[in-house]
Number of protein chains: 2
Amino acid sequence: MNSISIEQLPIGIFDSGVGGLTVYRALHDRLPNERFIYLGDTARVPYGTKSLATVERYAIENSQFLASRGIKMLVVACNTASALALPKIREKIGLDVVGVIGPGGRKAVELTKGDLHARIGVIATEATVASNAYFEAIRRASDTAEVLQSGCPLFVPLAEENWVNEPETFSIAAKYLARMKEFAPDALVLGCTHYPILREVIQRTVGENVMLVDSGEATAEEVARLLMDKGLQNPIEHIGKRTLCDDLDHFYVTDAADRFARVAERFLGTKPSKLEAIEVYGIDELRKS
Amino acid sequence: MNSISIEQLPIGIFDSGVGGLTVYRALHDRLPNERFIYLGDTARVPYGTKSLATVERYAIENSQFLASRGIKMLVVACNTASALALPKIREKIGLDVVGVIGPGGRKAVELTKGDLHARIGVIATEATVASNAYFEAIRRASDTAEVLQSGCPLFVPLAEENWVNEPETFSIAAKYLARMKEFAPDALVLGCTHYPILREVIQRTVGENVMLVDSGEATAEEVARLLMDKGLQNPIEHIGKRTLCDDLDHFYVTDAADRFARVAERFLGTKPSKLEAIEVYGIDELRKS
């Protein structure tokens, strides 16, 4: 058996489903030398309506599955899991773990820095808003920024329908974002992995002068910095040879691989070449049935 | 311990989540003497995007949980589980099992009977449409009815948002139902438990002359008939003393009871007085963690 150095190991990414592919894309673009293992927990999606205990349990099972495949770092692409389960995940696995909320919140503060009266908006699922995690991440980076958070529940199904140009989507966005527009944020955090798909609708609704923060992009920057700090960059040169979803990246789902491939194609313009349906949970229970 | 006759046992109902409450309401209205145990599998909702094997497994776990509480009959309120898992459920539990698809399909044929060229529309989730279960149920009742099925993925989140009067909902309905309107059905089956919430929007979109079939109501009629045929009606007189969600009915969810109670209030105008969060799966796995 050939030994492989830790730097050559892939980076693990998990999400509750398909939305985390926007985070995968951001990581792939920013880190062309790195390989990725992505796990979409499609058997138990969505997490946004589930309780703390359940989200923690699912997040730990996903993390342990990825850790068992051999990874050098873990990215929690799911906003809900990032908001609720990071401490428990860090407790259970001996790896660097990066969530999307800290980087997203910090990036917003960075973009508005110098302005003591910066106004930062956050749009996310209801669960993420209720967790207050973005508010706290922003507060840690700035004592003075004013923050307005707003839930946009229909944005996820609209993105999955790929209704990125429909008048109904603009109309729903105008309704959800009315208070946000009035608040007139300097920066607006897209606090859900699906929202970058609706980026144009959101930008046109809140106005061209609002800086949109894609938490996935902010996370990719943070992962790049962390790899450098720790000397964990992959020494193997892939620049210029990689494409999204090529066979250096491995995708796992806990259910319904065909639907995942279909939505992946809508989101990324291409299907994963290596896609496998697996079970990360209930081994004992499966044996019984 | 007092013994209780089988007639006095409650009827079990399970759904993937909160949508099945429209079926509960229909049963409660039709059968005022009966008590109900409702299980909403909110930890694993939705089923519509999951695979056959997974839906079967979840459905069996839910059925076994309800059977273990003592029920005299099982209603599968979830359209996806009714479409995919009825044979497996019947194999595993020794009780009468009623799904929503057979009754919904038969009711549509009954309403259009006498017309050899009846046109029957079905709207449902994409998974239910893909399963073809409604088409087959209608075909079993009529060799000649013309059938058009159509998926309406955004109707579920719109119903959960309670956007029953918003112009966006009308606009989305007009888009989803354009082909259906052209097809000009005599009867239109609401093939998803959430759709009765949007009944008015749907009726106004397809036209007042189209007969809407609520699968939940059709199922309640079938359950009433079955109870009578088998002599299983509850002999205890409750007529006039029951209200929706009173303490004769027991509600269980597999997660996030507070959200369930909130949506229940939107759907039924009242919260369950007896609501409990439980685990129906992964006992061994829970013990490990």
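About the criteria used
Residues numbered from 1 in each chain as written. Chains lettered and ligands numbered in written order. Predicted model: local features only at pLDDT ≥ 70, side-chain atom pairs only at ≥ 80, totals over all residues. Helix = DSSP H or I, 4+ residues; strand = E, 2+ residues; numbered from the N terminus. Rg over C-alpha atoms; globule rule 2.2 N^0.38 Å. Contact = placed C-beta atoms within 7 Å. Domains from an automatic or database assignment. Nonpolar A, V, L, I, M, F, W, Y, C, P; charged D, E, K, R; others polar. Buried ≥ 20, exposed ≤ 12 C-beta atoms within 10 Å, placed from the backbone. Pairing = 2+ DSSP bridges. Axes fitted to C-alpha atoms, helices over the stretch in contact; angles between N-to-C directions. Core = buried A, V, L, I, M, F, W, Y, C linked by C-beta atoms within 7 Å. Parallel < 35°, antiparallel > 145°, perpendicular 65-115°, else oblique. Left-handed = near helix turned anticlockwise from the far one by under 90°. Expected span 1.5 Å × (residues − 1). Bend = angle between axes of the 7 residues up to and from the residue. Right-handed = clockwise from strand over helix to strand, strands pointing away.

### Focus on the overall build of chain A
- The secondary structure content of chain A amounts to 13 helices and ten strands.
- For 289 residues, the compact-globule estimate of 2.2 N^0.38 gives 19 Å, and the C-alpha radius of gyration of chain A, at 19 Å, lies within 12% of that figure.
- Counting only C-alpha atoms, chain A reaches 60 × 45 × 40 Å along its principal axes.
- Within chain A, residue pairs in contact and separated by at least 24 positions form 79% of the contacts whose partners lie at least 6 positions apart.

### A few points about the domain arrangement of chain A
Residue and element names in this part refer to chain A.
- Taken domain by domain, chain A consists of domain 1 (6-99 + 217-288) and domain 2 (102-215).
- Taking only C-alpha atoms into account, the centre of domain 1 sits 23 Å from that of domain 2.
- At the interface, 23 residues of domain 1 touch 22 residues of domain 2.
- When residues of the side of domain 1 that touches domain 2 are traced back to their parent elements, those giving at least two are α1 (21-30), α3 (79-92), α11 (215-230) and α12 (257-268).
- Of the residues forming the side of domain 1 that touches domain 2, the biggest block, five residues, is contributed by α11.
- Tallied by class, the residues present in the side of domain 1 that touches domain 2 amount to nine nonpolar, nine polar and five charged.

### Points about the environment of Thr54(A)
- For Thr54(A), the location among the structural elements is in helix α2 (residues 52-69).
- A tally of 22 C-beta atoms within 10 Å means that Thr54(A) is categorised as buried.
- Setting aside its immediate chain neighbours within four residues, Thr54(A) contacts Ala43(B) and Asp255(B).

### Observations concerning the sheet that holds strand β1 (residues 11-15) of chain B
Residues and elements named next belong to chain B.
- An order of β4-β3-β1-β2-β9-β10 is seen for the six strands of this open sheet, with the pairing classed as parallel. For this open sheet the edge positions go to β4 (97-99) and β10 (275-277), each flanked by a neighbour on one side alone. Adjacent strand axes in the sheet meet at a mean angle of 20°, parallel and antiparallel pairs treated alike.
- Taken together, the four bridges between strand β2 (residues 36-40) and strand β9 (residues 250-253) define a ladder with parallel strand orientation. Bridging from a neighbouring strand, isoleucine 37 pairs with histidine 250 of β9.

### Side note on the nonpolar core
- Residues Ile13(A), Leu27(A), Val75(A) and Val76(A) are the most contacted members of the largest nonpolar core, which totals 90 residues.
- With six residues, α2(A) is the largest single contributor of residues to this core.
- Looking at which domains feed residues into this core, each of domain 1 (6-99 + 217-288) and domain 2 (102-215) of chain A supplies at least three.
- In terms of nonpolar packing, the next biggest core, distinct from the first, is built from 89 residues, Ile71(B), Cys152(B), Ala159(B) and Ala256(B) among them.

### Side note on the packing of α2(A) against α3(A)
All names here are of chain A.
- Close contact between α2 and α3 brings their axes to 8 Å; oriented N to C, the two are set at 55°. In terms of orientation, α2 lies oblique with respect to α3. In this structure, α2 meets α3 at a crossing whose hand is right-handed. Contacts between α2 and α3 pair Leu52, Val55, Glu56, Ala59, Ile60, Ser63 and Gln64 from the former with Thr80, Ala81, Leu84, Ala85, Lys88, Ile89 and Lys92 from the latter.
- Looking at the contact of α2 with α3 residue by residue, the classes come out as eight nonpolar, three polar and three charged.

### Some thoughts on the sheet that holds strand β3 (residues 73-76) of chain A
Residue and element names in this part refer to chain A.
- In spatial order, the strands read β4-β3-β1-β2-β9-β10; together these six strands make up an open sheet with parallel pairing. Strands with a single pairing partner mark the edges of an open sheet, and in this sheet they are β4 (97-99) and β10 (275-277). Here the strands of the sheet are splayed against their neighbours by 20° on average, with no regard to which way each runs.
- Relative to β3, strand β1 (residues 11-15) is paired through four bridges, and the arrangement is parallel. Looking at the pairing, isoleucine 13 lines up with valine 75 of β3.
- Its contacts with the sheet place α3 against β3 and β4, and it is angled at close to 170° to β4.
- The sheet strands contacting α11 are β1, β3 and β4, and the helix crosses β4 at an angle near 160°.

### Regarding helix α3 (residues 79-92) of chain B
Residues and elements named next belong to chain B.
- The end-to-end C-alpha distance of α3 is 19 Å, a good match for the 20 Å that 14 residues give at a rise of 1.5 Å each.
- Of all the bends in α3, the greatest, near 75°, is centred on alanine 85, and the proline proline 87 appears no more than four residues after it.
- By the burial criterion, the buried members of α3 are Asn79, Thr80, Ala81, Ser82, Ala83, Leu84, Ala85 and Ile89.

### Here's the deal with α2(A)
Residue and element names in this part refer to chain A.
- End to end, α2 covers 26 Å across 18 residues, agreeing with the expected 26 Å (1.5 Å per residue, within 8%).
- Among all positions in α2, only Thr54, Val55, Glu56, Arg57, Tyr58, Ala59, Ile60, Glu61, Asn62, Ser63, Phe65 and Leu66 are buried.
- Considering only its buried residues, α2 is in contact with β1, β2 (36-40), β3 and α3.
- Backbone geometry just downstream of α2 places glycine 70 in the positive-phi region, at approximately 90°.

### Some thoughts on the environment of Ile60(B)
Residues and elements named next belong to chain B.
- Secondary-structure assignment places isoleucine 60 in helix α2 (residues 52-69).
- On the basis of neighbour count, isoleucine 60 is assigned to the buried category, with 20 C-beta atoms found within 10 Å.
- Taking C-alpha positions, isoleucine 60 is 7.4 Å from lysine 88, a pair spaced 28 residues apart along the chain.
- Here isoleucine 60 is in contact with Lys88, Ile89 and Lys92, once residues within four sequence places are set aside.

### Examining unusual backbone geometry
- Residues Val45(A) and Pro46(A) are joined by a peptide bond in cis, for which omega reads -5°.
- By the element assignment, Pro46(A) lies in the loop between β2 and α2.
- Positive phi is not limited to glycine here, since Asn162(B) has a value of about 65°.
- On the secondary structure map, Asn162(B) appears in the loop between α7 (155-160) and α8 (167-176).
- Judged by the 15 C-beta atoms lying within 10 Å of it, Asn162(B) is partly exposed.
- The phi dihedral of Cys245(B) is positive, around 65°, even though this residue is not glycine.
- Checked against the element boundaries, Cys245(B) lands in the loop between α11 (215-230) and β9.

### Here's the deal with the pairing of β1(B)
Residue and element names in this part refer to chain B.
- Within β1, five of the five residues are buried, leaving the element largely enclosed by the surrounding structure.
- Covered by surrounding structure in β1 are Ile11, Ile13 and Asp15 together with Gly12 and Phe14, the residues of both alternating faces.
- Note that β1 and β2 share five bridges and pair parallel. Within β2, the residue paired with isoleucine 11 across the bridge is phenylalanine 36.
- Taking the sense of rotation as the criterion, the β-α-β connection linking β1, helix α1 (residues 21-30) and β2 turns out right-handed.

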